[in-house]
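The lines below spell out each chain.
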Amino acid sequence: MSSAFDYIVVGAGTAGSLLANRLSMDGRRRVLLIEAGRRDDYHWIHIPVGYLYCIGNPRTDWLYRTEPDAGLNGRSLRYPRGKVLGGCSSINGMIYMRGQSRDYDGWSELTGDAAWRWDQVLPYFRLHEDHHGGAGPHHGARGVVEPQVQQDSPYGRLLRGRQAGGEWRVEQPRVRWAILDAFAEAAQQAGIPATPDFNRGDNEGVSYFEVNQKAGWRWNTAKAFLRPTCYGRPNVEIWTSARVSRLVLDRQPDGSLRCSGVQVWTGQEMVTATASAEVVLSAGSIGSVQLLQLSGIGPSAVLQQHGVPVVHDAPGVGANLQDHLQIRSVYQVQGVSTLNTRARSWLGRAAIGLEYALRRTGPMSMAPSQLGAFTRSDPARPWSNIQYHVQPLSLDAFGEPLHRFNAFTASVCNLNPTSRGTVHITSPRFEDAPRISPNYLATEEDRRVAADSLRVTRHIVSQPALARYRPQEFKPGVQYQTDDDLVRLAGDIATTIFHPVGTTRMGRASDPMAVVDARLRVLGPGPGGRVHGLRVADAGVMPVITSGNTNAPTLMIAERAAQWMFEDASRG
């Protein structure tokens, strides 16, 4: 086992897998990819419905929980994060969603860097995309040159020379439900247009979600970016079941800091791995924060409280936590089949299993949510600010049995929450989980959107297209009508949809709460204003959460980081 490398990537999840692939392409630089979890050889990872057996499973999940939250009336939530090769892409909902163009234009304004504008990031979405509809203005495909990237930069020319790109498969779902078709029709009757594509910059509309699957199997980033390419490269090492305990930070003569490597617990011994070029943290919005704080980079008061020597007082590390909170409405229906009754009997379950075994279709190929809709919580809103995840099933809570009656669930979330939470270490021990405090529904704005969004749900369900199925509101219940009722209710029933971002946010060097600059380099003391040799590339760098699911934006962030790291190395 070697311990000297050019690059060290911490976390083999959504971002880390792509980074390891890109940084090792030219064969000249040695790359170490470190993953705390195991290999993705658990069969339930690859069967789409297997997320039910991966979330809450210590084999694939960090098993985090949030602190009791005042906005949730004192409740604590399960907070799944992938702990396996592929990270969250191995256990998530498989929904391919970029967000809105205004999200990225906003990032550009906050960072002062035009590289984050929608028209500038779109090529980096297309670059690794293999879309079922082929290449075009909005989508990429395997084997198709991405001109804006591949012709204009050394990074692009390297990709073209290695025939790289187009690894991330995007397909249409392989199952449809009459109740979801009726909901889509009802949404149109309520004024939400049908859309053929959520990913063109304005996602307003209703449609089935496109998913990261290939021929009915989950397509995670380990399949896309590590197998077979990285496994066959002699300049790549992948350490699994290896936990980074802290960064190795050296004080330079000019007062600046340099990250020269990481300390890693292999399960048997603590080893130090060194990086001559860069260490990049891709451990996610929770893990990257924990590592920075354990290494002495974070809010001084938090570090001192837990006996960690302060190397650099960085108050933004662990601040700015944002997440999408969904409010689940359940409607009992009649005269239509849903998964509740289809999966109730032994014979029904056998038929579902046989369909998947023979054709890779049916309920076992389902993402957790199949139908989506984006609209406004109030007609006065200038853009879509709420998102629906609609499912042909219902249950009391995730992990509980399905109800014994036919029903569908329409979950709605505020896309642009104004509440902000924190992630902080609880001890100097890397083994101890950090304290996650999302601070949901902490602002009047978020509470108003929560109440309004429940009314939008009721408006959609009241449309003629659903009338033939006689929907009855089972949860939350028609007795809740006032704003106060609905906000209190949201606190009782809302859950996360697992989109934590923002805890190591990028910004201008003059911003005291920014953690990384616009090129994702960690800000620090001394000349140059940064910690040399250290970047963060994961969802934590988002200054503001995107208007939709966060997996696809995280891949784009990693693609941008890989380009900048490659170009810095070429110049240096």
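Residues numbered from 1 in each chain as written. Predicted model: local features only at pLDDT ≥ 70, side-chain atom pairs only at ≥ 80, totals over all residues. Heavy atoms only, no water.

Engineer: How should the packing of aromatic side chains be read in this particular structure?
Structural biologist: Geometrically, a pair of aromatic rings is defined through the distance of the ring centres and the angle of the planes. Under the criterion given, the structure shown has 18 aromatic pairs. Here Trp 118 and Phe 125 contribute two aromatic rings whose centre-to-centre distance is 6.3 Å and whose plane-to-plane angle is 45 degrees, an arrangement assigned as tilted. Classification of Trp 118 as buried rests on a relative accessible area of 11%. Each ring, one from Phe 183 and one from Tyr 388, has its centre 6.3 Å from the other, and the planes form 55 degrees; the classification is tilted. Of the two residues, Phe 183 is situated in helix α8 (residues 178-189) and Tyr 388 in strand β18 (residues 386-391); the sequence distance between them amounts to 205 residues. Taking NZ or CZ as reference, Lys 83 lies 4.5 Å from the ring centre of Trp 62, over its face. Sitting over the face of the ring of Trp 219, Lys 214 holds its NZ or CZ atom 4.7 Å from the ring centroid. (Phe/Tyr/Trp six-rings, centres within 6.5 Å; stacked < 30°, edge-to-face > 60°. Buried < 20%, exposed > 50% of the residue type's maximum accessible area, 1.4 Å probe, protein only. Helix = DSSP H or I, 4+ residues; strand = E, 2+ residues; numbered from the N terminus. Lys NZ or Arg CZ within 6 Å of the ring centre and 35° of its normal.)

Engineer: When you look at the pattern of salt bridges in this model, what are you seeing that I'm missing?
Structural biologist: As a working rule, side chains carrying opposite charge can pair if their charged atoms are close by. Considering all chains together, one arrives at 31 salt bridges under this definition. Here Asp 40 and Arg 227 are joined by a salt bridge, their closest N and O atoms 2.9 Å apart. Taken as a pair, Asp 40 in the loop between β2 (31-34) and α2 (43-46) and Arg 227 in the loop between α9 (221-226) and β10 (236-239) lie far apart in primary sequence, 187 residues in all. With a shortest N-O distance of 2.9 Å, Arg 488 and Asp 485 are connected by a salt bridge. Of this pair, Arg 488 and Asp 485 both sit in helix α16 (residues 483-493), three residues apart, roughly one helical turn. (Salt bridge = Lys/Arg side-chain N within 4 Å of Asp/Glu carboxyl O.)

Engineer: Explanation requested: the nonpolar core in the structure shown.
Structural biologist: Side chains of nonpolar character tend, in soluble globular proteins, to be buried together. Core analysis: the largest hydrophobic core is formed by 156 residues, its most contacted members being Ile 8, Trp 116, Val 262, Val 279, Phe 408, Leu 520 and Leu 534. At 10 residues, helix α17 (residues 551-571) tops the list of elements feeding residues into this core. Setting aside residues no more than four positions away along its own chain, Leu 534 makes contact with Leu 247, Cys 259, Val 279, Leu 281, Leu 292, Ile 297, Leu 520, Arg 521 and Val 522. Formed by eight residues, the second largest nonpolar core is a distinct cluster that contains Phe 198, Phe 209, Phe 374 and Leu 415. (Core = buried A, V, L, I, M, F, W, Y, C linked by side-chain atoms within 4.5 Å. Contact = heavy atoms within 4.5 Å.)

Engineer: Would you take a moment to explain empty space enclosed by the protein for this structure?
Structural biologist: Rolled over the atoms, a probe as big as a water molecule pinpoints where empty space is left. By the definition in use, this model includes two cavities of 30 Å³ or more. Considering only enclosed or pocket space, the largest cavity measures out at about 150 Å³ in volume. Elements with a minimum of two residues in the lining of the largest cavity: β16 (325-332), β19 (407-414) and α14 (444-461). If one sorts the elements of the lining of the largest cavity by residue count, α14 sits on top with four residues. For the lining of the largest cavity, a count of residues per class yields 11 nonpolar, five polar and two charged. Of the pockets and cavities examined, the second largest cavity occupies roughly 40 Å³. A breakdown of the residues in the lining of the second largest cavity according to their chemical character gives five nonpolar, four polar and one charged. (1 Å grid on protein atoms, 1.4 Å probe; cavity = no way out; pocket = protein on both sides within 12 Å on 5 of 7 lines; lining within 4 Å. Points joined across faces, edges and corners; volume = space filled by probe spheres on them. Nonpolar A, V, L, I, M, F, W, Y, C, P; charged D, E, K, R; others polar.)

Engineer: Mind showing me how you'd approach a nonpolar patch on the surface here?
Structural biologist: Taken together, the side chains of Leu 52, Tyr 53 and Phe 398 define a hydrophobic patch exposed on the protein surface, amounting to about 270 Å² of accessible area. Turning to its location among the elements, Phe 398 is positioned in the loop between β18 and β19. (Patch = residues over 30% accessible without salt bridge, like charges linked within 9 Å, V, L, I, M, F, W, Y side chains within 5 Å. Areas by Shrake-Rupley, 256 points an atom, 1.4 Å probe, with all protein chains shown as cover.)

Engineer: Would you take a moment to explain the layout of surface pockets for this structure?
Structural biologist: Estimated volume of the second largest pocket: approximately 340 Å³. What lines the second largest pocket is a set of 19 residues, among which Gln 172, Thr 195, Pro 196, Ser 207 and Tyr 208 lie closest to the centre. Counting only elements with at least two residues in the lining of the second largest pocket, the list comes to α8 and β7 (205-208). The element contributing the most residues to the lining of the second largest pocket is β7, with three residues.

Engineer: Any chance you could explain the environment of Asp 69 here in plain terms?
Structural biologist: Turning to its location among the elements, Asp 69 is positioned in the loop between β3 (64-65) and β4 (78-79). Residue class for Asp 69 comes out buried when judged on its relative accessible area of 5%. A C-alpha to C-alpha distance of 7.5 Å links Asp 69 and Pro 438, two positions 369 residues apart in sequence. Polar contacts involving the side chain of Asp 69 include one to the main-chain amide nitrogen of Gly 71, which spans 2.9 Å. (Polar contact = N/O pair within 3.5 Å; in protein donor to acceptor, adjacent residues only side chain to side chain.)

Engineer: Explanation requested: the packing of helix α1 (residues 14-23) against α17 in the structure shown.
Structural biologist: To characterise two packed helices, one gives the angle between the axes of the helices and the distance between these axes. The geometry of α1 relative to α17 is characterised by a closest axis approach of 8 Å and an angle of 30 degrees between their N-to-C directions. With respect to α17, the element α1 is oriented roughly parallel. The crossing of α1 and α17 is right-handed. Where α1 abuts α17, its residues Thr 14, Ala 15, Leu 18, Leu 19, Arg 22 and Leu 23 lie against Asn 551, Thr 554, Leu 555, Ala 558, Glu 559, Ala 561, Ala 562 and Met 565. Among the residues making up the contact of α1 with α17, the classes are represented as nine nonpolar, three polar and two charged. (Axes fitted to C-alpha atoms, helices over the stretch in contact; angles between N-to-C directions. Parallel < 35°, antiparallel > 145°, perpendicular 65-115°, else oblique. Left-handed = near helix turned anticlockwise from the far one by under 90°.)

Engineer: Would you explain the side chain of Thr 409 in this entry?
Structural biologist: Looking at where Thr 409 falls in the secondary structure, it is placed in strand β19. Residue classification places Thr 409 among the buried positions, given a relative accessible area of 0%. Not counting residues within four places of it along the chain, the set of residues in contact with Thr 409 comprises Arg 328, Ser 329, Val 330, His 389, Val 390, Gln 391, Leu 393 and Ser 394.

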